[in-house]
Amino acid sequence: MRTKFWSRQKFHHNLKERHKITLRNLQFSVILYSKREIDAPTPDRAVNFPCFLTNANDAVEAYLKNKSFVWNLSSNYALRHLKESSSLCASCRELHQRRSNLPNGYYEFKTLQAYCDLTNNGWTLIARFSNGDVKHWMINGSFWYDKGTPYGEVGIPSHTTDMISPAFWNVKGDEFKITRSDDFSHEALLQTTSSCLQGVPFRSKITSYGTFHNGTEWANNQCLGNCEVLYSAGGQYKKTAGFGKHDCSSDLQSGNYIGFWCNWKLDSAVMMIGGGGEDCNRADHGIGITERNSAMFGGEEDYYDFGDIDNYKSNAPSSYSLNLWVR
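Residues numbered from 1 in each chain as written. Predicted model: local features only at pLDDT ≥ 70, side-chain atom pairs only at ≥ 80, totals over all residues. Heavy atoms only, no water.

Let us look at the overall build of the chain. On a plain count of helices and strands, the chain comes out with seven helices and 14 strands. The 327 residues of the chain split such that 52% are buried. Considering only residue pairs separated by 6 or more positions, the chain has 66% of its internal contacts joining residues 24 or more positions apart. Of the roughly 15,500 Å² of accessible surface on the chain, a fraction of 46% belongs to carbon and sulfur atoms. (Helix = DSSP H or I, 4+ residues; strand = E, 2+ residues; numbered from the N terminus. Buried < 20%, exposed > 50% of the residue type's maximum accessible area, 1.4 Å probe, protein only. Contact = heavy atoms within 4.5 Å. Areas by Shrake-Rupley, 256 points an atom, 1.4 Å probe, with all protein chains shown as cover.)

Counting 54 residues, the largest nonpolar core has Trp 144, Phe 176, Ile 178, Phe 202, Ile 258 and Met 271 as the members making the most contacts within it. For Phe 202, the contacting residues outside a window of four places in its chain are Ile 126, Trp 144, Phe 168, Val 171, Phe 176, Leu 197, Met 271, Leu 324 and Val 326. Within the second largest apolar cluster, 10 residues are counted, among which are Cys 223, Leu 252, Met 272 and Ile 309. (Core = buried A, V, L, I, M, F, W, Y, C linked by side-chain atoms within 4.5 Å.)

Another point: the pattern of salt bridges. Counting across every chain of the model gives six salt bridges. The partner of Asp 174 in a salt bridge is Arg 93, and the shortest N-O contact between them spans 3.0 Å. Highlighted residues: Asp 174 in the loop between α6 (167–170) and β6 (176–180) and Arg 93 in helix α4 (residues 92–98), separated in sequence by 81 residues. For Asp 174, a relative accessible area of 25% puts it in the partly exposed group. Of the charged contacts, one joins Asp 182 and Arg 180 as a salt bridge, the two residues approaching to 2.8 Å between their closest N and O atoms. (Salt bridge = Lys/Arg side-chain N within 4 Å of Asp/Glu carboxyl O.)

Looking now at the side chain of Thr 124. Along the polypeptide, Thr 124 turns up in strand β4 (residues 123–129). Thr 124 has contacts with Ser 91, Cys 92, Ala 114, Tyr 115, Ala 167, Val 171, Leu 324, Trp 325 and Val 326, leaving out every residue within four places of it along the chain.

Moving on to the state of the cysteines. As used in these notes, a disulfide is a covalent bond between sulfur atoms, one from each of two cysteines. One pass over the structure, following the stated rule, counts four disulfides. Through a disulfide, Cys 92 is tied to Cys 116; the S-S separation comes to 2.0 Å. The sign of the S-S torsion, about -80°, decides the handedness of the disulfide formed by Cys 92 and Cys 116: left-handed. Taken together, the residues Cys 92 in helix α4 and Cys 116 in strand β3 (residues 113–117) connect sequence positions 24 residues apart. Residue classification places Cys 92 among the buried residues on the basis of a relative accessible area of 0%. Judged by relative accessible area, which is 0%, Cys 116 ranks as buried. Shown here is the disulfide that connects Cys 248 with Cys 280, its sulfur atoms set 2.0 Å apart. Because the torsion about its S-S bond is -110°, the bridge between Cys 248 and Cys 280 counts as left-handed. (Disulfide = S-S within 2.5 Å.)

A few words on the pairing of strand β2 (residues 105–108). When β2 meets β3, the two strands line up antiparallel, connected through four bridges. For Gly 105, the partnering residue across the bridge sits in β3 and is Cys 116. Adjacent in sequence and paired antiparallel, β2 and β3 are bridged by four residues. (Pairing = 2+ DSSP bridges.)

Attention now moves to the environment of Thr 149. Mapped onto the secondary structure, Thr 149 falls in the loop between α5 (142–145) and β5 (163–164). A relative accessible area of 45% means that Thr 149 is categorised as partly exposed. As a C-alpha pair, Thr 149 and Pro 166 span 17 residues in sequence and 6.7 Å in three-dimensional space. Other than its neighbours up to four places away in sequence, Thr 149 contacts Ile 164 and Trp 169.

For a regular strand, side chains alternate in direction, first toward one face of the sheet and then toward the other. The buried fraction of β3 amounts to four of the five residues, a majority that puts the element mostly inside the structure. Across two bridges, β3 lies against β4 in antiparallel orientation. Residue pairing across strands places Asp 117 opposite Trp 123, the latter belonging to β4. Linking two consecutive strands that pair antiparallel, namely β3 and β4, is a turn of five residues; a positive phi of about 80° is found at Asn 121 within it.

Take a look at the structure:
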């Protein structure tokens, strides 16, 4: 009995035909998968949503580049393997760029899980400042510099306790915004402009001015840096603690800026919102404020995670918190 052998040309022709069928099936599967509806993800049910699955052509490109594939894989196996081996999105902004119709919620990314505000163009929640618990952000500066594990309710923006997410030191961005925990629309009280973060994580930005924890003074009658901001059109910031000098401008800073590591006389703030200095008569308003005689963390004088201190009267509510987001 003679053994039947295919010619090399016929073998490659059949291989190509099977490959074309696999790619067509893969494209169709990806299109169906990317259009599926999902419920709002929660911390106990984070959604893993590979970025490539939002585009059939991206899926095919990944398929072609993946050397572990063989030509005769079924499209279902190819799709499953791509889901397991491909890169996830890096941030909520990238996820929103791929799928603009996804709901707000808790999503899984390359190196972490984070809450996303996708209805406002893809913001990643990175931190929360609260006066309702221990003032973690002002005790010794470790939350700004050293904290390397998540703390608090990372996936619930309505909580009124302190929080720091791995996104604080991992997720790169250009801008940041501040919102209230009791505002479920996540409207920005203020939002920076002109690439304030310059493509780095927030921790990289805030610590780039120096090392000021463990008893080191951070400034003397100056702000070490600042970024221009836009305030919300709705005007909710006018009713929010920490924003009391939004309409004041002086030698330290104008009202349309947020300053980093600020001090004026006996007043200091890690992030001073609005104007500060001689004409504003204050510098202890915003996020991370202190009445300590020197611009330092800790001490026996009053300090708060956010709010205003004016004539020794503090406005540091615990009924709501401030959320920090990057995009």
